[in-house]
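Examination of the molecular architecture
Residues per chain, in single letters:
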Amino acid sequence: MTESLRGQVSLPGDKSISHRAILLSSISDGLCEISNLATGKDLISTIEAVKVLGVRVRETGPGRIEVHGIGMGNFKQPDRPLDCGNAGTSLRLLLGLLAGSNISAKLDGDSSLRRRPVNRVAIPLRQMGAFVQTTDRGTCPVTIEGRKLRGIGYALPVASAQVKSAILLAAISAEGQTEIVEPTPTRDHTERMLISLGVPLTTSDCKVSTRPTDRIPAFEIDIPGDISSAAFIVIAALLLPGSEVLLQNVCLNPTRCGYLQILRRMGADIQTDDIVIKRGEPIGNLFVRSSELHSSRCDDIPVATFIDEVPVLALAASQAEGVTRFPNLGELRVKESDRLSGILSILDAAGAKIEIDGDDLVVYGPNKLYAPDVDTRGDHRLSMLVETINLAFEGALTERYVDEIGISFPEYYDVMKSLLHR
Ligand code: S3P
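Treat the numbers as computed from the prediction; the structure is a model and nothing was measured.

Observations concerning the side chain of Lys15
Along the chain, Lys15 turns up in helix H1 (residues 15-26). You can call Lys15 buried: its relative accessible area is 9%. In this structure, Lys15 is in contact with Ala38, Asp42, Leu43, Asp226, His380, Arg381, Ile407 and Ser408, ignoring residues within four places of it in sequence.

Concerning the site of the ligand
For the ligand, the full set of nearby residues is Ser16, Arg20, Thr89, Arg92, Ser160, Ala161, Gln162, Arg187, Ile307, Asp308 and Lys335. In the environment of the ligand, an oxygen atom lies 2.7 Å from a nitrogen or oxygen atom belonging to the side chain of Ser16. Lys335 is positioned with one of its side-chain polar atoms (N or O) 2.7 Å from an oxygen atom of the ligand. Expressed as a share of its isolated accessible area of 390 Å², the protein-covered part of the ligand is 95%. Within the residue set of the shell around the ligand, elements represented by two or more residues are H1, helix H3 (88-99) and helix H5 (161-171). Per-class residue counts for the shell around the ligand are 2 nonpolar, 4 polar and 5 charged.

Focus: the nonpolar core
Core analysis: the biggest nonpolar cluster contains 75 residues, and Leu5, Leu247, Tyr259 and Leu263 have the highest contact counts within it. When residues of this core are assigned to their parent elements, the largest contribution, 11 residues, is made by helix H7 (residues 227-239). What Tyr259 contacts, discounting residues up to four positions off in sequence, is Ile227, Ala230, Ala231, Val234, Thr305, Phe306, Glu309 and Leu313. Listed in part, the 69 residues of the second largest apolar core include Ile22, Leu113, Leu168 and Val208.

Some details on the pattern of salt bridges
For the structure on display, the rule yields 29 salt bridges. Residues Asp29 and Arg215 are paired through a salt bridge, measuring 2.4 Å at the closest nitrogen-oxygen approach. You can see Asp29 sitting in the loop between H1 and strand E2 (31-35) and its partner Arg215 sitting in the loop between strand E12 (207-210) and strand E13 (220-222), a full 186 residues away along the chain. When its relative accessible area of 44% is taken as the criterion, Arg215 is described as partly exposed. A salt bridge links Arg333 to Asp359, with the shortest nitrogen-to-oxygen separation between them at 2.8 Å. Of the two residues, Arg333 sits in the loop between strand E17 (322-326) and helix H10 (339-349) while Asp359 sits in the loop between strand E18 (353-357) and strand E19 (360-365), which places them 26 residues apart along the sequence.

What counts and how
Residues numbered from 1 in each chain as written. Predicted model: local features only at pLDDT ≥ 70, side-chain atom pairs only at ≥ 80, totals over all residues. Heavy atoms only, no water. Helix = DSSP H or I, 4+ residues; strand = E, 2+ residues; numbered from the N terminus. Buried < 20%, exposed > 50% of the residue type's maximum accessible area, 1.4 Å probe, protein only. Contact = heavy atoms within 4.5 Å. Near = heavy atom within 4 Å. Polar contact = N/O pair within 3.5 Å; in protein donor to acceptor, adjacent residues only side chain to side chain. Areas by Shrake-Rupley, 256 points an atom, 1.4 Å probe, with all protein chains shown as cover. Nonpolar A, V, L, I, M, F, W, Y, C, P; charged D, E, K, R; others polar. Core = buried A, V, L, I, M, F, W, Y, C linked by side-chain atoms within 4.5 Å. Salt bridge = Lys/Arg side-chain N within 4 Å of Asp/Glu carboxyl O.

Right, here's the structure in full:
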């Protein structure tokens, strides 16, 4: 096979940062401009939700929107449920933002979101004084009634940036101080954005403290490229001999770069350069060349810093010499699908030697894989895993998963085809 990935590409904006930019701009004091916004369906859920809450949002170009912030405490009583679609981030962060409002809202989502836990957010928001009612199973549809909130001290029982962010978005309108302690570090985009907007917030190790603010000033933001989408290009390039890819303007926040650390330990030739800080986020270029991989330990790198990349990391491990163990992946069971079993069934069907041991994933490499004929459970990251296997071992994409992949990375097929050389 002679296929390789070659060329350079600038990726659409990071999904996590995009959600936060829309939510914070909606409660800002005025006109905000957001460029290089993520284009996936998850973001449309957040945009549609803030529109139902009375915020004007106008598309001004590809990946470019204007949000007419209405100020804190000014959401309009919604006349219909807020549909979060497939997006856990929309659901959980909106609950935080609404907890201190003076409206009530019902939030719902698709069949995948209706299976995912909401109690992890409902519990701390209730402690802050909000009324939150989930189903008996602790899932959505969920009703929230905003109340006057008080700050809390809260130790997160699971390492979750969504839960941390929901509490922080509630804390900015609560009375008194809020202090959150995380079991291990999780993505800190909310903290970085709030600090850049002048909110009194401090962080140290795994502790975040914040106090309320009267206003969020209007702002402009150019969202850096999505480091999680980049993973599917990086790993395809590592596996296809003769590949050389430059990814420009990628978010290189260390709380998202766990997978780069692991891959480098496995022998991957990945360089970063031109790092600048914009709105608190480190941004730079990623240069990847195909590489021979070997297994490495990952147990000393916080799982949350690579949780969304485990599907494609497991593929990399299946091509690495030796045994790779990814520990403590329990959280993968409550993602858009049960991703832990999804990864196993896809890689197993593709011919990899892989097993689940408790909450750990153990991969024995290397061996040649085949295009797996298996259900991707409507999960965008599992669909991109299957396409990465197809690309690396059959030299072609099936292009069967346009819908699923459109959740986070609608440009996936165009980007991959533009880089693919025969
Ligand atoms: C996200 C946090 C992570 C991640 C998700 C996006 C965020 O979820 O898996 O894709 O934007 O805060 P958890 O916080 O539930 O771990």
